[in-house]
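# Fold and contact review
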Amino acid sequence: MSSVVIKRVSDRKDLEAFIQFHYDLYRDNAYAVPNLYDDEVRTLSKEQNAAFDFCEADYFLAYRDGKVVGRVAAIINNRANEKWGHKTVRFGWIDFVDDREVSAALLKTVEDWGRERGMTELVGPLGFTDMDPEGMLTWGYDQLGTQFTIYNYPYYPEHIEQLGGFEKDNDYVEFKLMVPDTIPEKYTKIAEMIQKRYNLHVRKLARKEVLKGGYGLKVFDVINKTFKDLYGYSEMTDRQITDYIRMYFRVLDMNLITCLEDWNTPDHKLIGVGITVPSCSRALQKCRNGRLFPFGWWYLLRALKFQKTEGVDLILLGILPEYRAKGANALMFADLIPWYQRYGYKWGETQVEMETNEGVQSQWGPLSPVNHKRRRCYKKML
C-alpha cells in the first residue's frame, strides 16, 4: 500500500500550502526564479483569473507522513480543446521530491481526473493558456531562469520518461542574445529599406494610450493573430486582455515596447509589437517566499525603474504573418537595441520557441545567439 496520500486543494489554507511547496523545494537554488506570491494566488484563483471563463481545474497536494512532498494542477482548457479538436487534460504547476512514488501518484491523479471528464490524452506541463509558463526544462539546468518560464530539477524529466506511456509532444528552445555595441548593419539597412519601400514605421506608445486610449486592445489583437496557429494556443478573450493591460502596463517601461504600423492604411494599422522588460530574475530571487515585503519591493524597483540589471527579457514579439517576409522584425530591433545600449544591458533572453520555428530563430543571427535551454511538453494517451 502506498504511503503517499493525495489531497485536493479545497480551501485557502490548502492553496497556501500548494504555493509554498515550490518556494520550499527550490529555496537557495542558484538558478530557480520564484514567482511573486500574490501573482500565483491571482493566477490560481477561480474568482480572479479570467481564464476560468473557459477553463476548469483542480489542484492536488501529495503528502507523506503529514508533510507535503508534491503538487500538481489538473486543467482543461475547453476553448483550446474545441479549437484543436482534442480532448486534452493538462498537468501544470507540477513539483515533487525525488521519489518516483510521489510523481507517479500525482500524475495518476490528473489522469483519473481527466478520464472522469471524458478526456482522452494527458499533456504538460502547461498552464491555463500560453500566457502561463509551459514546458519542462530538459537541458540548461545551470542557466538562470526567468520569471516567465519553468525551472525544475534534472530528475523531473527522468521521472516522466521512466513512468511509461509518455512521449514527446512538443519541444521548445530558448536563446541568450548579446547586446551589440552598435546596431548590426543588417538591421539598419533592412529597417531603412522597408520604411521606404513598404511605408512601415515604428510607433512608441504613451502609457495612457494603452491604459485608457484603447491601444492595448490593438496590441493584444496582434498577439492573438500572430500566435493563433502555435502549439495549443487559445486566443485571449477581451476580459483576459483587460486584466493583462491593467496588471502589467502600469509598470512596464514604455521605451522597451515597440509597435510597428503600416502607414499605407488610413488608420495606420498596427502590424507588429515587441514587449520587452528588464530581467527581474535576480531581484525575484531576493523576494523571500515570493513576498514583496519587507525588502523584495526594493530589488524589483531597482530592476524595473532604475535598470539595475544586466539583462532584458523578450517576452512577446509578434508580427502579423503577411508582414514577416518584408523584414519588419529588423525595424523592431533597430528601435529596441539603442534602448538596451542606453540602459547598459549586456544580454537578452528569448522566451520559449518551438524547436521547429526556424523563421523566428533565424532573426537572432546578428545577436550572437546561443541555445542555452531546452524544454519539453509530454503527452500520454488515456
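Here's a quick rundown of the structure. (Residues numbered from 1 in each chain as written. Predicted model: local features only at pLDDT ≥ 70, side-chain atom pairs only at ≥ 80, totals over all residues. Heavy atoms only, no water.)

Moving on, we come to the pairing of strand 4 (residues 88-96). Within a regular strand, the side chains alternate between the two sheet faces. Of all 9 residues that make up strand 4, 9 are buried, and the element is covered over most of its length. For strand 3 (residues 67-77) and strand 4, the ladder comprises 5 bridges, and the chain directions are antiparallel. Paired with Arg-71 across the two strands is Asp-95, which belongs to strand 4. Across 3 bridges, the pairing between strand 4 and strand 5 (residues 121-124) is parallel. Bridged to Thr-88 within strand 5 is Glu-121. (Buried < 20%, exposed > 50% of the residue type's maximum accessible area, 1.4 Å probe, protein only. Helix = DSSP H or I, 4+ residues; strand = E, 2+ residues; numbered from the N terminus. Pairing = 2+ DSSP bridges.)

To continue, consider the pattern of salt bridges. Enumeration over the complete set of coordinates arrives at 36 salt bridges. Its salt-bridge partner being Asp-171, residue Lys-168 comes within 3.9 Å of it at the nearest N-O pair. Glu-355 is the partner of Lys-168 in a salt bridge, and the nearest nitrogen-oxygen pair spans 2.6 Å. Highlighted residues: Lys-168 in strand 7 (residues 167-178) and Glu-355 in the loop between strand 13 (353-354) and helix 14 (358-362), separated in sequence by 187 residues. Classification of Glu-355 by relative accessible area gives partly exposed; the value is 26%. Salt bridges here are not isolated pairs; linked through shared partners, they connect Arg-8, Lys-46, Glu-56, Asp-58, Glu-116 and Arg-117. (Salt bridge = Lys/Arg side-chain N within 4 Å of Asp/Glu carboxyl O.)

Counted under the stated rule, the structure contains 22 aromatic pairs. Arranged with centres 5.0 Å apart and planes meeting at 55°, the rings of Phe-52 and Phe-128 form a pair that is tilted. Pair noted here: Phe-52 is in the loop between helix 2 (37-44) and strand 2 (55-64) and Phe-128 is in the loop between strand 5 and strand 6 (136-139), with a separation of 76 residues, a long-range link. Note on Phe-128: relative accessible area 0%, which makes it buried. Taking 5.6 Å as the distance between ring centres and 15° as the angle between the ring planes, the aromatic pair formed by Tyr-153 and Tyr-155 counts as stacked. For the pair shown, Tyr-153 and Tyr-155 are each scored as buried. Here a set of aromatic residues connected by ring pairs shows up, and it is made of Tyr-26, Tyr-31, Phe-96, Tyr-151, Tyr-153, Tyr-155 and Tyr-156. Seen from the ring of Phe-54, Arg-79 lies directly overhead, with NZ or CZ sitting 5.6 Å from the centre. One residue, Lys-176, lies across the ring of Trp-347, its end atom 4.8 Å from the ring centre. (Phe/Tyr/Trp six-rings, centres within 6.5 Å; stacked < 30°, edge-to-face > 60°. Lys NZ or Arg CZ within 6 Å of the ring centre and 35° of its normal.)

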